[in-house]
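# Close look at the chain arrangement
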Amino acid sequence: MLSGKHILVGITGGIAAYKSAELVRLLVREGVEVKVLMTETAKRFISPLTMATLSKNPVMIDFFNPENGEWNSHVKLGLWADAYVIAPATANSIGKMAAGIADNLLITTYFSARCPVFVAPAMDMDMYKHQAVMTNMETLQLYGNTLIEAETGELASGLEGKGRMAKPEVIVDCLKSFFDAPFLGKHVLVTAGPTYEKIDPVRFIGNFSSGKMGYAIAETFAQQGAEVLLVSGPVNLPVFHPNIRRVNVVSANEMYEECVRLFPSCDIAVMCAAVADFTPEKIEKNKIKHTNDLTLSLVKTPDIAAELGKIKQNHILAGFALETDNELQNACEKLKTKNLDFIVLNSLNDSGAGFGGDTNKITIIDRDAAVTRFPLKSKKDAAKDIVAYVRKLINNQ
Ligand code: C5P
């Protein structure tokens, strides 16, 4: 999958630079031709000799070789590469990449590269969550780069938190799934977020869904080659991948209309939205006055997943079940009534699962009632499990 690929590995000056030696070794073992770029500071953390030996190519640090004047062309390097991995990426280098400051060969090559770029940050936990660094990481993703998020654990500072560079194997897996692109040519519909059901011009009935799970699923499918239609209720989340087209909706009825329209041209649908089950029978034209008690009359919203379950042909259709009691039984019931291929169960009884947070604990149940339980993980990692499950179903089709 990676064999024969040309990959640039950029090493910036952080303690995690020692892990880049392992990264390069793994890539070379996969048959990749690796060229290493380093910043001046990176040399203090790991020797160019080590990296040159492991990559089997001279390491490039300066724009030219002061011994013989040989020119290291960032433009040529950028064109040579099938992918550029910057690992570790320090807050400093991330800041320069986001701001357009090209003051060394590694970053100049980044600006010249036409290939996909993968950025694996590594830094102290407080730096990682500093607003300026977070904004820069978001900017890099908006520019189309893939962020390989740092892990949580013990840091070089002795503190515990998020900032450890992703393990070399995780970075290699990320490159593999990019080049493998198992969902290339597939069209995927994902619903995400809450719906808002208007009561009057200023009020609505909503729920606490943040949209994070659905957005993570959309990103994961896109990273693996799919064209994704993300039908999203009102959430405050950015879309990064260029293969994702977001369709914004507000109410359950709007979400229904869009899904029914888009589903026939899709191969896969994952219904992750927390759709309101009821909507006011009538939307008041004027703001309801604060006088007496108020009784609202609510009517049922259309069940989008169930409707898609009725019209589905060769599609793979997945739903979610957020339960508080009789979890497995309720989820199985929903799987059947909505004619889903599998259902992802979250229980609000599991701490760290459900709305709002960045983690989830999922259980997948299929049509044969086979149950696969997953441990508590980040929503991004849970999304990878869900997408891998879809892949398994397609391979067995
Ligand atoms: O029946 P319940 O709302 O618990 O089912 C949850 C699943 O059904 C989720 O996949 C959700 O996105 C979907 N759903 C839907 N339309 C509704 C209600 C739920 O698509 N009106």
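Structure shown above.
Throughout what follows, the structure given in this document is the object of discussion. (Residues numbered from 1 in each chain as written. Predicted model: local features only at pLDDT ≥ 70, side-chain atom pairs only at ≥ 80, totals over all residues. Heavy atoms only, no water.)

### Observations regarding the sheet that holds strand 2 (residues 33-38)
As summarised here, the arrangement of the 5 strands in space is 2-1-3-4-5, forming an open sheet in which the pairing is parallel. With one partner strand each, in any of the chains shown, strand 2 and strand 5 (146-147) form the two edges of the open sheet. The sheet contact formed by strand 1 (residues 6-11) and strand 3 (residues 83-89) spans 4 bridges and is parallel. Looking across to strand 3, one finds that Leu8 is bridged to Tyr84. Strands in contact with helix 1 (residues 17-29) are strand 1, strand 2 and strand 3; relative to strand 1, the strand with the most contacts, it is inclined by about 175°. (Pairing = 2+ DSSP bridges. Helix = DSSP H or I, 4+ residues; strand = E, 2+ residues; numbered from the N terminus. Contact = heavy atoms within 4.5 Å. Axes fitted to C-alpha atoms, helices over the stretch in contact; angles between N-to-C directions.)

### Digging into the site of the ligand
In the vicinity of the ligand, 13 residues are found, and the nearest of them are Met271, Ala273, Pro302, Phe320 and Lys334. Here an oxygen atom of the ligand sits 2.7 Å away from a polar atom, N or O, in the main chain of Met271. Interatomic distance of 2.4 Å between a side-chain N/O atom of Lys334 and an oxygen atom of the ligand. Here the ligand loses 87% of its free accessible area of 450 Å² to cover by the protein chains. Only helix 12 (304-311) and strand 16 (316-323) provide two or more residues apiece to the shell around the ligand. (Near = heavy atom within 4 Å. Polar contact = N/O pair within 3.5 Å; in protein donor to acceptor, adjacent residues only side chain to side chain. Areas by Shrake-Rupley, 256 points an atom, 1.4 Å probe, with all protein chains shown as cover.)

### A short note on the sheet that holds strand 20 (residues 371-373)
Read across the sheet, 8 strands follow the order 12-11-8-13-16-17-19-20 without closing on themselves; strand pairing throughout is mixed. The open sheet terminates on both sides in strands that have one partner only, identified here as strand 12 (244-248) and strand 20. Across this sheet, the average inter-strand angle for adjacent strands is 15°, counted without regard to direction. Pairing analysis gives 4 bridges linking strand 8 (residues 187-192) to strand 13 (residues 268-271), with the strands arranged parallel. Pairing of Val188 across the sheet is with Ile268, part of strand 13. Packing against the sheet, helix 10 (residues 212-223) makes contact with strand 8, strand 11 (227-232), strand 12, strand 13 and strand 16, and its axis sits at approximately 165° to strand 8. Contacting strand 13, strand 16, strand 17 (342-347), strand 19 (362-366) and strand 20, helix 14 (residues 379-396) runs over the sheet at an angle of about 15° to strand 19.

### Focus on the packing of aromatic side chains
Using the criterion set out here, one finds 6 aromatic pairs in the structure. Consider the rings of Phe178 and Phe179, whose centres lie 5.1 Å apart with planes at 80°: the pair is edge-to-face. Look at Phe178 and you get partly exposed, because its relative accessible area is 30%. Measuring from ring centre to ring centre gives 3.7 Å for Tyr196 and Phe204, while their planes differ by 10°; the resulting arrangement is stacked. Overall, the relative accessible area of 40% leaves Phe204 in the partly exposed class. Put simply, the rings of Phe118, Phe178 and Phe179 pair up and form one aromatic cluster. The ring of Trp80 has Lys35 lying over it, and the distance from NZ or CZ to the ring centre is 4.5 Å. Its end group placed over the ring of Phe278, Lys300 keeps NZ or CZ at 5.4 Å from the ring centre. (Phe/Tyr/Trp six-rings, centres within 6.5 Å; stacked < 30°, edge-to-face > 60°. Buried < 20%, exposed > 50% of the residue type's maximum accessible area, 1.4 Å probe, protein only. Lys NZ or Arg CZ within 6 Å of the ring centre and 35° of its normal.)

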